[in-house]
Protein chains: 2
Amino acid sequence: MDHQSTTGSASTSALSDYLPRKIRSINFLKSKAPKKRNKEFQSEKLKSRRREVMLQRPEHQVAGHEAGSGTLGPLIDGSGNFYKPLNPGDERGAHELAFYTSFYSDTRVPHSIRSSFFPSFGGTRILPVPDSPDLLLPHLVLGDLLHAYTYPCVMDVKMGARTWYPSASEKDFEKYWKKDVESTTPLLGFRISGLQVYHESGRWKPHRDGVRKYTVTDVRQSLRQFVSKKPDETPPDCALASSVYGGSNGILAQLLELKSWFEDQTLFHFYSTSLLIAYDKGGKAAQVKLIDFAHVMKGEGIIDHNFLGGLCSLIKWVSEILTDFEPAVGLTDPKAAAGPAEPEATVGPTENETH
Amino acid sequence: MDHQSTTGSASTSALSDYLPRKIRSINFLKSKAPKKRNKEFQSEKLKSRRREVMLQRPEHQVAGHEAGSGTLGPLIDGSGNFYKPLNPGDERGAHELAFYTSFYSDTRVPHSIRSSFFPSFGGTRILPVPDSPDLLLPHLVLGDLLHAYTYPCVMDVKMGARTWYPSASEKDFEKYWKKDVESTTPLLGFRISGLQVYHESGRWKPHRDGVRKYTVTDVRQSLRQFVSKKPDETPPDCALASSVYGGSNGILAQLLELKSWFEDQTLFHFYSTSLLIAYDKGGKAAQVKLIDFAHVMKGEGIIDHNFLGGLCSLIKWVSEILTDFEPAVGLTDPKAAAGPAEPEATVGPTENETH
């Protein structure tokens, strides 16, 4: 799982005005020589901090850049923190930092919205890069949304009927436009960027290249597979639809609460932002979170109809699945049902990737 | 007022399957030689029908093509009918006829939605063209939405964050795209195509060329001017906001009812369709109607998030005006308030166009 996908690049940040002077002046945001620049950070204090943090790549990343040799990606520390690198010379990181700083200091955002639908934000931290331990980079410190999940079932849904943003350069516009029209984005108002589902004999995780080509029919099918005990069988059984999508704390209820906020809020326009939808076969409750804020713009008194339209579209399809599969006896608690309903002992770490 | 704006042209109609065989076979839909073709209709029966109907150009058209010398536009008969020409060789007319035929025969559309938000449809009728009485053309027979209005205040709001439709040719796409990005369409999810407001000394009707250039600020202002006793003064007084936008039968209540249907309906996607918002200084109730269906596509099980997003955006702004201007004493009946509140005797036919 990637809390913030790192595709695309931002033009001049419309949110940078929000950045405190101190953060705006951090040199890495404009650095063209990362290795040289980062040597400056290599103090004894930092070296000792590196030893304190046991960093690893997130196992359940379903979309976005992955940390690996030659590639910078997010890291987790196993203690509930998710670190997203702020790559030198890449304005997307600066833009995302500006968003978090603005969002967490804006009193017009209801506390319930912030805590329910956004990752926690703990500022920035200098950390070593995997495979290049001498290279130190600043990272966003975010809450690890899947911390303590045993068998996380995760879906990354990129929202909006368009992902390009008003201030995009012509080159960026072309790139985003192409990705949009080759996906379900204009048709559905959203696209699936990745997913994984645990089942009795392991993990079902369609390959990214396949997900990228998903048609409208594939997306409809995926929303059913996501709540199935046997997701790779046709038709999907949707045995967990009621417990995951339904109920007073289920995914649908959360999506509807989010929708209410989007019908009213005119502070931010969330271009190219994803909904991370997750539940745990190990028992933790289902959750909906917004992630990836590299292209958030100021709302300027206008609602984010692009995100909201896609959200309504997603809600409609989730509702339909519930109507088709909800048991007549009524709704159950998703926390109780998503856990024990699945025989945990039979779910193992074996990966069963579908290409 | 124009019930169906006639800009743009449709590619192959995705709705034409809906057309009954009899209508599909009407030659005018494909005709390349209108004058010659229309001579076939000039029977004695038709000539006598022409004499029965006293046709005139609609006085309160605020957008779309107007009937005039060399131009075909809609006509009214003063008895509650609005006639929209089906121009030979123009597939938009065929497409709109296909929509009406499909829409009025689809039992999945609730009766209340059809009667509240759509013009009535009475099939087609052969009528003479103004200034060319020997030329006869088939017309859509629709309800005249402003019939019996004394002093109609009218606004045409073209809905959606885009007006181009999936099957548009490259040429059409370019045309629609250009109009969209030069307007508030992508930013607001709608644009104002035209408006008129009666006030104490006449009619305030901004010129079309000016309306075409409306910015976000202009649109916000127009929504206020529309419910003002002195619309051309700054700032607009919004004296009629409560009676027109508010109340259980007011514009906002109607927009919210329409929104509920759009959150659920997956039958149609209304590209380039307008909301006609109207009230009468002479006393008739406020109404919201959908008009212009030349580019409606099949919904294929997906909600019309493009229209819905814009609708939510419009609702937000109308709500804000109500919050700013609604009297603390509570809501009043728009029918009662929009009428007598305005001294009818002082409202005359004098036109006061603003360029």
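Residues numbered from 1 in each chain as written. Chains lettered and ligands numbered in written order. Predicted model: local features only at pLDDT ≥ 70, side-chain atom pairs only at ≥ 80, totals over all residues. Heavy atoms only, no water.

Per an unreviewed UniProt entry, chain A goes by Inositol polyphosphate multikinase and derives from Rhynchospora pubera. The record in UniProt for chain A states the following under Sequence similarities (unreviewed entry): "Belongs to the inositol phosphokinase (IPK) family." Taken directly from UniProt, the Function (unreviewed entry) text for chain A runs: "Inositol phosphate kinase with a broad substrate specificity." (UniProt positions renumbered as here; feature names shortened; annotations may be inferred.)

Bringing the interface of chain B and chain A into the picture now. Across the contact, 27 residues belong to chain B and 27 residues belong to chain A. Both sides together, the interface formed by chain B and chain A hides about 2000 Å², and carbon and sulfur atoms give 63% of it. Contact with chain A buries area across many residues of chain B, yet Ile302, His305 and Lys316 of chain B alone supply 27% of it, more than any other trio. Its salt-bridge partner being Glu263 of chain B, residue Lys259 of chain A comes within 2.9 Å of it at the nearest N-O pair. Among the secondary structure elements, those contributing two or more residues to the side of chain B that touches chain A are helix 6 (170-181), helix 7 (185-188), helix 9 (216-225), helix 11 (251-264) and helix 12 (305-325) of chain B. In terms of residue class, the side of chain B that touches chain A is built from 13 nonpolar, seven polar and seven charged. (Contact = heavy atoms within 4.5 Å. Buried area = accessible area lost by both parts, 1.4 Å probe. Salt bridge = Lys/Arg side-chain N within 4 Å of Asp/Glu carboxyl O. Helix = DSSP H or I, 4+ residues; strand = E, 2+ residues; numbered from the N terminus. Nonpolar A, V, L, I, M, F, W, Y, C, P; charged D, E, K, R; others polar.)

All names here are of chain B. Judged by pairing direction, the sheet is antiparallel, and its four strands sit side by side in the order 1-2-4-3 without closing on themselves. Since the sheet does not close on itself, it has two edges, and those belong to strand 1 (75-76) and strand 3 (121-129), each with one partner. The pairing of strand 3 with strand 4 (residues 132-143) spans seven bridges and is antiparallel. Paired with Ile126 across the two strands is Pro138, which belongs to strand 4. (Pairing = 2+ DSSP bridges.)

Inspection of the entire model under this criterion finds zero disulfides over all chains. This cysteine, Cys153 of chain A, is not joined by any disulfide, and Cys238 of chain A carries the nearest cysteine sulfur, 13 Å off. (Disulfide = S-S within 2.5 Å.)

With that settled, the discussion passes to the relation of the copies chain B and chain A. Overlaying chain B with chain A gives an RMSD of 0.0 Å, the required rotation being 180° about an axis along which the chain moves by 0.0 Å. The superposition operator between the copies reduces to a two-fold rotation axis. Proximity to the rotation axis, assessed at the C-alpha, singles out Gly309 of chain B in chain B; its C-alpha lies 2.3 Å from the axis. Here 100% of the interface residues in chain B have copies in chain A that are interface residues too; the copies meet face to matching face. (Least-squares fit on C-alpha atoms with pLDDT ≥ 70 in both.)

Grouped together as the largest cluster of nonpolar side chains are 131 residues, with contacts concentrated most on Tyr245, Phe270 and Leu275 of chain A together with Tyr245, Phe270 and Leu275 of chain B. When residues no more than four places from it in sequence are discounted, the contact partners of Tyr245 of chain B are Met155, Leu223, Phe226, Val227, Leu240, Gly250, Ile251, Leu252, Ala253, Val318, Ile321 and Leu322 of chain B. (Core = buried A, V, L, I, M, F, W, Y, C linked by side-chain atoms within 4.5 Å. Buried < 20%, exposed > 50% of the residue type's maximum accessible area, 1.4 Å probe, protein only.)

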